[in-house]
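Residues per chain, in single letters:
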Amino acid sequence: MRRKDRPPFWFEETFDRIRRMEEDLHRLMQDVWKSAFSTFTGFEVPRFGRETGLGSIPVDVAETKDEIIIRADLPGFSKEEIKVKATEDSVIIEAEKREERKESAENYVMQERRYGAVRRVIPLPVEVIPEEAKAKFKDGVLEIRLKKARVEEEKEKEIEIE
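Please read these numbers as outputs of a predicted model, since none were measured by experiment.

Analysis parameters
- Residues numbered from 1 in each chain as written.
- Predicted model: local features only at pLDDT ≥ 70, side-chain atom pairs only at ≥ 80, totals over all residues.
- Heavy atoms only, no water.
- Salt bridge = Lys/Arg side-chain N within 4 Å of Asp/Glu carboxyl O.
- Helix = DSSP H or I, 4+ residues; strand = E, 2+ residues; numbered from the N terminus.
- Buried < 20%, exposed > 50% of the residue type's maximum accessible area, 1.4 Å probe, protein only.
- Patch = residues over 30% accessible without salt bridge, like charges linked within 9 Å, V, L, I, M, F, W, Y side chains within 5 Å.
- Areas by Shrake-Rupley, 256 points an atom, 1.4 Å probe, with all protein chains shown as cover.
- Core = buried A, V, L, I, M, F, W, Y, C linked by side-chain atoms within 4.5 Å.
- Contact = heavy atoms within 4.5 Å.

*Asks:* I tried to follow the pattern of salt bridges on my own but got confused; where do I start?
*Replies:* Opposite charge on two side chains makes pairing possible when the charged atoms of those side chains draw close. Tallied over the full model, the rule gives ten salt bridges. Between Lys97 and Glu81 there is a salt bridge; the shortest N-O distance is 3.4 Å. With Lys97 in strand 4 (residues 90-104) and Glu81 in the loop between strand 2 (67-73) and strand 3 (82-86), this residue pair connects regions lying 16 residues apart in the sequence. In terms of burial, Lys97 and Glu81 fall into one category: buried. When salt bridges that share partners are traced, they join Glu67, Arg71, Glu143 and Arg145 into one network.

*Asks:* Just to check I follow, could you spell out a nonpolar patch on the surface for this structure?
*Replies:* Together, Leu25, Leu28 and Val32 make up a nonpolar patch on the protein surface, roughly 250 Å² of accessible area in all. Note that Leu25 resides in helix 1 (residues 9-36). Residue Leu25 is classed as partly exposed on the basis of its relative accessible area, which comes to 38%.

*Asks:* Just checking my understanding: could you explain the nonpolar core for this structure?
*Replies:* It is characteristic of soluble globular proteins that their nonpolar side chains tend to be buried jointly. One finds Ile70, Leu74, Ile93 and Leu146 to be the most contacted residues of the largest nonpolar core, which totals 18 residues. Put simply, the parts of the chain that give this core at least two residues each are strand 2, strand 4, strand 5 (109-123) and strand 7 (141-147). Each residue touching Leu146, except ones within four places of it in the same chain, is listed here: Asp66, Glu67, Ile68, Ile70, Ala86, Val91, Leu124, Val128 and Ala133.

This is the structure in structure tokens:
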């Protein structure tokens, strides 16, 4: 007999099928991505899901007393191929790679064009001052530092229990 607090078996089975379809689609996209952009080292199709999303950039977001620090992994990109925009409550990172290669020899001419782009919108946990944002890019890692708009000291009050 089925417990009342548990969903019916077909409900769980449906979500298992959706998960398997997502994994199959990811493998397929990985194969297509590798064949289409094989000359771009460091590119990989991100997993689907709320935490990343297709075309996403992996990031770490840290908070100190005075600022928000974001570190984003962008291997294979140069500083010139990256754009960063900041608002009071979010940061947008976009990176675009274009490559054109032309080879010619005695009896043939070969020309290839490749394109890859990623984008990520990062909601911030507190308001920041976008005009004071700073970014640097080194060894495939983008670091963005954003000064908090209001630095409030933590107030502590003991609460009496009734």
